[in-house]
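Coordinate inspection notes
Next come the chains, spelled out residue by residue.
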Amino acid sequence: MICDEVRLRLDARVDDELPPAEMAEFDAHLQQCADCHTLQERRLALREVLARELPRFEAPAALRRELEAASHPAASEKQRVKPIPGRWWTLAVAASLAMVSVGSWQLATLRAKSDALTQTVLESHVRSLIGEHLTDVVSSDLHTVKPWFNGRLDFSPPVYDFAGRGYPLLGGRLEYVGERKVAALVYGRRKHMINVFLWPADAGMAQGPTTETRHGYHLLHWNSPDFTYWVVSDLGTTELEEFAGLLKGADSVAASPPPSP
Ligand SMILES: [Zn+2]
């Protein structure tokens, strides 16, 4: 593994998400490369600060109680199911309780996953701001930035320039979000930086925009038919939503078929 490959996998490594073979190669490289070793230490230190400073997901009390009850099915059945005669009735109640607890688990898992994703995206944004790695390709020309991703990603990210609207394209870079290699596009607004993270959307995951504020940063997230978008900045939400609107508008223009003659 060379330094570039190691650095791309840094996030996955500190999250313990690398396949075992790659992890061994990664660690072997760090044993003999002081630069990469230092990078990893800084990354771990930053992670610790963010973990300490950023709010964590707390399961709502009702969900927590339900999960606790679900993990003691014997006790909860005794409490909730009165001894009503009829074997079928008891079975039906037991089955519906099981469904409730499975549903709650799925909900909790889904929420925890989306929380971890928000955290990962925010960390990537913050890291890019502290001068570690803002852009791999520095250009305001979308015809330079878009082809730069060729061969570096397994998809071709849509790249637009909104300089005319006051949001110039500054460049792009590769990022890992979880185990997925994603495109990060950097746009500017006066002295503010906007990171746009995007990757192909999972089928059937279309959903409207969500907005979240963490630690003074705003995160906008939505799925277009083709891509999952995360937009992060310390820019005010009004401007950030205007910017997101430009992205969505450009996307739907690009997606609509050319007018028939
Ligand atoms: Zn190295």
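Structure: above.
This report concerns the structure included in the present document. Numbering of residues starts from 1 in every chain and runs along the sequence as written. Reporting in this predicted model follows two pLDDT cut-offs: at least 70 for local features of residues, and 80 or more for side-chain atom pairs to be given and counted; totals over whole chains, interfaces and linings ignore these cut-offs and use all residues. To obtain the side-chain values, all non-hydrogen atoms of the structure were included, while hydrogens and water were left out.

How two aromatic rings sit relative to each other is set out by the distance from centre to centre and by the angle between their planes. Pairing of aromatic side chains requires ring centres within 6.5 Å, counting the rings of Phe and Tyr and the six-membered ring of Trp. Pairs whose planes differ by under 30 degrees are stacked, by over 60 edge-to-face, and all others tilted. For the structure shown, the criterion picks out eight aromatic pairs. Judged by centre distance (6.0 Å) and plane angle (85°), the rings of Phe 162 and Phe 243 are edge-to-face. In this pair, Phe 162 sits in the loop between α8 (142-148) and β2 (169-177) while Phe 243 sits in helix α9 (residues 237-255), placing the two residues 81 residues apart along the sequence. Taken together through their ring pairs, the aromatic side chains of Tyr 160, Phe 162, Tyr 167, Tyr 187 and Phe 243 make up a single cluster. Between the NZ or CZ atom of Arg 189 and the centre of the ring of Tyr 167, over which it lies, the distance is 4.1 Å. Charges are assigned to positions over rings by a cutoff of 6 Å between ring centre and Lys NZ or Arg CZ, combined with an angular limit of 35 degrees from the ring normal. Looking at Lys 248, its charged tip hangs above the ring of Trp 222, at a distance of 4.7 Å from the centre. Only runs of H or I of at least four residues qualify as helices and only runs of E of at least two qualify as strands under DSSP, and these elements are numbered from the N terminus.

Coordination sphere of the zinc ion, protein contribution only: Cys 3 (SG), His 29 (NE2), Cys 33 (SG) and Cys 36 (SG), at 2.1 to 2.3 Å. Here the coordinating atoms are restricted to nitrogen, oxygen and sulfur within 2.8 Å of the metal centre, or 3.2 Å for Na, K and Ca, and because water is not among them the sites may look incomplete. Any coordination sphere not matching a tetrahedral pattern (four donors, all angles between 85 and 135 degrees) or a square planar or octahedral pattern (four or six donors, opposite donors over 155 degrees apart, other angles between 65 and 115) is reported as irregular. Considering all four donor atoms around the zinc ion, angles at the metal cover 102 to 115° and the coordination shape is tetrahedral. Donor residues for the zinc ion sit on one chain with the sequence pattern C-x25-H-x3-C-x2-C. On the criterion of sequence distance, the pair formed by Cys 3 in helix α1 (residues 3-8) and Cys 33 in the loop between α3 (20-32) and α4 (34-53) is long-range, its members being 30 residues apart. Its relative accessible area of 29% is what places Cys 3 among the partly exposed residues. Buried residues are those whose accessible area, probed at 1.4 Å on protein chains only, stays under 20% of the maximum for their type, while exposed residues exceed 50% and partly exposed ones sit between those limits.

Buried and open spaces are told apart on a 1 Å grid over the protein atoms alone, a cavity being a set of points where a 1.4 Å probe fits but cannot get out and a pocket being an open set with protein on both sides within 12 Å along at least five of seven lines. Residues with an atom within 4 Å of a point are the lining residues. Grid points are joined across faces, edges and corners, and a volume is the space filled by probe spheres set on the points. Size it by volume and the second largest pocket reaches roughly 460 Å³. Breaking the lining of the second largest pocket down by element, the ones donating at least two residues are α1, α2 (10-14), α4, α7 (87-129) and β2.

We now examine the nonpolar core. Membership of the largest hydrophobic core comes to 42 residues, with the highest contact counts inside it found for Phe 162, Tyr 187, Ile 194, Val 196, Val 231, Phe 243 and Leu 247. Going through the elements one at a time, α7, α8, β2, β3 (180-189), β4 (192-200), β6 (217-223), β7 (227-233) and α9 are the ones with two or more residues in this core. No other element matches the six residues that α9 contributes to this core. In this analysis, two residues are considered to be in contact whenever any of their non-hydrogen atoms come within 4.5 Å of each other. Sequence-distant contacts of Tyr 187, that is, excluding residues within four places in its chain, are made with Val 159, Tyr 160, Phe 162, Tyr 167, Pro 168, Leu 169, Leu 170, His 192, Met 193, Ile 194, Val 196 and Phe 243. One finds Leu 18, Met 23, Phe 26 and Cys 33 within the second-largest nonpolar core, a separate group that totals 10 residues. Among the buried residues, those of types Ala, Val, Leu, Ile, Met, Phe, Trp, Tyr and Cys that are joined through side-chain atoms within 4.5 Å form a nonpolar core.

So, about unusual backbone geometry. A positive phi angle is found at Asp 16, which is not glycine, with a value near 55°. Asp 16 gets classed as exposed once you look at its relative accessible area, which sits at 56%.

Looking down a regular strand, the side chains alternate between one sheet face and the other. Think of it this way: DSSP has to see at least two bridges between two strands before they count as a pair. Here strand β5 (residues 210-214) runs beside β6; their pairing, made up of five bridges, is antiparallel. Looking at the pairing, Arg 214 lines up with Tyr 217 of β6. Here β5 folds back onto β6 in antiparallel fashion, the turn holding two residues, of which His 215 has a positive phi close to 55°.

The next point concerns the pattern of salt bridges. Here, a salt bridge means any side-chain nitrogen of Lys or Arg that lies within 4 Å of a carboxyl oxygen of Asp or Glu. Evaluated as defined, the whole model comprises 11 salt bridges. Arg 173 is the partner of Glu 175 in a salt bridge, and the nearest nitrogen-oxygen pair spans 2.8 Å. Classification of Glu 175 as buried rests on a relative accessible area of 6%. Judged by its relative accessible area of 0%, Arg 173 falls in the buried class. Among the ionic pairs, Glu 242 bridges to Arg 189, the shortest N-O distance being 3.9 Å. Highlighted residues: Glu 242 in helix α9 and Arg 189 in strand β3, separated in sequence by 53 residues. The structure contains a network of salt bridges with shared partners spanning Asp 11, Arg 43, Arg 127, Arg 173 and Glu 175.

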